[in-house]
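# Observations on the three-dimensional arrangement
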Amino acid sequence: MHIDSSEAPAAADGREESVLNTSTACERSDLCFPRIVVRNPANGEELCTVVSASSFDVQTAISDANAVFKSGVWSRAPAVQRSAVLHNLARSLEVLLPQMAQLESLQTGRTIKEMNAQLGRLPEWLDYFASVLRTRQDYVAPTQGSLLNYVQRVPLGVVAQLTPFNHPLFIALKKIAPALAAGNSVIVKPSESAPMSVLEFAELAEEAGVPKGVLTVLPGYGKTVGKQIVSDPLIRKVDITAGTATGRDLGSIVGNNLAHFTAELGGKAPIVVFNDADPVAAANGAAFACFVASGQTCVSGTRLLVQEGIYKEFMLHFMHKVESIRIRMGDPMNPLSTMGTVINERAIERIESMLRSESSAKVLAGGKRLTGKSALDQFDFSQGSFFPPTVVTNVSTQGVLWREEVFGPVVVVKQFKDDASGVTLANACKYGLGAALWTQDLSRAHRLSAQIEAGLVWVNTHHRNDPSSPWGGMKESGIGRENGLEAFEAYTQSKSTIINTATMEETRDTQDWFAESGEPKRYG
């Protein structure tokens, strides 16, 4: 759509931040949804305004995407051609990564250090799926008789992706790369809180050779634009990253249209630290798991389970690390700043409300929003949505802080006695996206990771991601997988072509079902 250039920050190469010409800004007020103001969570300042897609825009974009798909300009382009475009896009993205990281930090409030590290790996997803295109193989099924049955993977059609604010470009690209590689036309609705980088990426994609209409970004609110997109019967797959309640609501709509559905939903990841773990390494790893992105990740370490024998030593190191993070918080654009903001004031209110709901809870660190000036750089916290790393104990497994996703820098801590009780506590949750074990016992690592009910289990690390590694959850954490061959195949469907290879004489004899002899004959 359209970013109001009068409000947009200039890019490093002099271009104004703008939406790409994947669709045009609507001029008629009766067709337009409200303009969306994008603000910097660190200081409340307005970054830009984005014109939301209207109902007409959504209909037109999906119709155009379907027409482009049927034209075959991308959907039937040779694999080598699509692969080359994706590789080209990866190289173009590499050049603009510093500007993209700055955009991400400004619109999310996450530290520039985090965004530089995360976005630095984005080209890998494009290169991986470009390589999948060049190396994957269709196959011949062992069909009986004089028949040749070859099976191909073909694209689905027009697919929709609804992406969140916490990793705006990263999560979008994890979905876009396999969808484009497979030959689909893609409609993306980014979060209204952080749409800028996704809009810029779509422009970059067209410049790199993705045909016009193959990738379209439609900004807007989920309850209007998002719902209309997923409700359209032309949409053959919906891929979302969202909360579990949203996943249920949208899943029912998608199911009614008999479309494909992938949903990466809520999480409440346990970090299980055993007696034989290295306490310093485990404390550092747990701090990263709990507080990277200000706890705004679906695999954030929100339940810290520590075995009794190591509890005191581990907590000594962990609490020291927590305090170290807090005192070095500052301007997110400062490379020395340790942790940024949550996304907005509503997030602060939600965190504080959840903390108040636990009357028996004991707060060991944090627990209240930051105000005043940063000790690091005198940055004024009071204008932004800053919440410190927060550690809570004495929480019931039936309480809100244990059961529900906070989506902020809050971790609850519990002790456990032995392997069995550690696993039981880890699994005592409706979610099952990520989990981590800290142990130096290789046997325990393999044995207990198999018992953890999560789609991702890390051992002596956390939040490691790769384009080849399937990513998704169990239980109420979602359906389907991102990354890897599973993601590529989820954006395709199999198509069997069956050819009779018998001679014409054999065919005449064996295919006459209604033979006058009364004996039906059919080969195969």
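Source: prediction; values computed, not measured.

Calculation criteria
Position numbers for residues start from 1 in each chain and track the written sequence from start to end. For a predicted model such as this one, the threshold for reporting local features is a pLDDT of at least 70, and the threshold for listing and counting side-chain atom pairs is 80 or more; totals across whole chains, interfaces and linings nevertheless cover every residue. Side-chain numbers here rest on the full set of heavy atoms in the structure, without hydrogens or water. In short, DSSP must find at least two bridges between two strands for them to pair. Put simply, DSSP marks the helices as runs of H or I at least four residues long and the strands as runs of E at least two long, and each gets a number from the N terminus on. Contacts between residues were defined by any pair of non-hydrogen atoms, one from each residue, lying within 4.5 Å. Whenever a helix is involved, its axis is fitted only over the stretch in contact; in every case the axis is a line through C-alpha atoms, and angles between N-to-C directions fall within 0 to 180 degrees. UniProt positions are given in the numbering used here, feature names are shortened, and annotations may be inferred rather than shown by experiment. In this scheme, a residue with accessible area under 20% of its type's maximum is buried, one over 50% is exposed, and one in between is partly exposed, where area comes from a 1.4 Å probe on protein chains only. Given the number of residues in a helix, its expected span is that number minus one, multiplied by 1.5 Å. As used here, the arc is the angular range of directions from the helix axis to the C-beta atoms. We define the nonpolar core as a collection of buried residues of types Ala, Val, Leu, Ile, Met, Phe, Trp, Tyr and Cys that are connected through side-chain atoms lying within 4.5 Å of one another. The split into domains, and so the bounds of each, comes from an automatic or database assignment of domains.

## A word on the sheet that holds strand 7 (residues 185–189)
Strand order in the open sheet formed by six strands is 8-7-6-9-10-20, and the pairing between neighbours is mixed. Only two strands of the sheet have a single partner each, and these edge strands are strand 8 (215–217) and strand 20 (478–479). Bridge count between strand 6 (residues 158–162) and strand 9 (residues 235–241): five bridges; the pairing is parallel. Pairing of valine 159 across the sheet is with lysine 237, part of strand 9. Against the sheet, helix 5 (residues 168–182) touches strand 6, strand 7, strand 8 and strand 9, its axis set at about 170 degrees to strand 6.

## A word on the UniProt feature "active site" (unreviewed entry) in the protein chain
UniProt records the feature "active site" (unreviewed entry) for Glu264 in the present numbering. Examined against the element boundaries, glutamate 264 turns out to sit in strand 10 (residues 260–264). Overall, the relative accessible area of 7% leaves glutamate 264 in the buried class. Each residue touching glutamate 264, except ones within four places of it in the same chain, is listed here: Ile240, Thr241, Ala242, Cys298, Leu433, Trp471 and Ser477.

## Concerning helix 1 (residues 55–71)
With 17 residues, helix 1 should reach 24 Å at 1.5 Å per residue; the first-to-last C-alpha distance of 24 Å fits that figure. Residues of helix 1 that are buried: Asp57, Val58, Ala61, Ile62, Ala65, Asn66, Val68 and Phe69. Along helix 1, the residues classed as buried sweep out an arc of 160 degrees about the axis, all on the same side. In this structure, the buried side of helix 1 is in contact with strand 5 (147–155), strand 6, strand 7, strand 8, helix 7 (222–231) and strand 9. After helix 1 finishes, the residue glycine 72 shows a positive phi value of roughly 85 degrees.

## Topic: the nonpolar core
Among the nonpolar cores identified, the biggest contains 68 residues, and Val273, Phe291, Leu304, Phe314, Phe318 and Val391 are the most heavily contacted of them. When we break this core down by domain, the ones giving at least three residues each are domain 1 (35–265 + 479–494) and domain 2 (269–468). Setting aside anything within four residues of it in sequence, one finds valine 273 in contact with Ala282, Leu304, Leu305, Val306, Gln307, Ile310, Phe314, Phe416 and Trp438. Core analysis: the next-biggest nonpolar cluster, separate from the first, contains 57 residues, Leu86, Met100, Ala181 and Ala208 among them.

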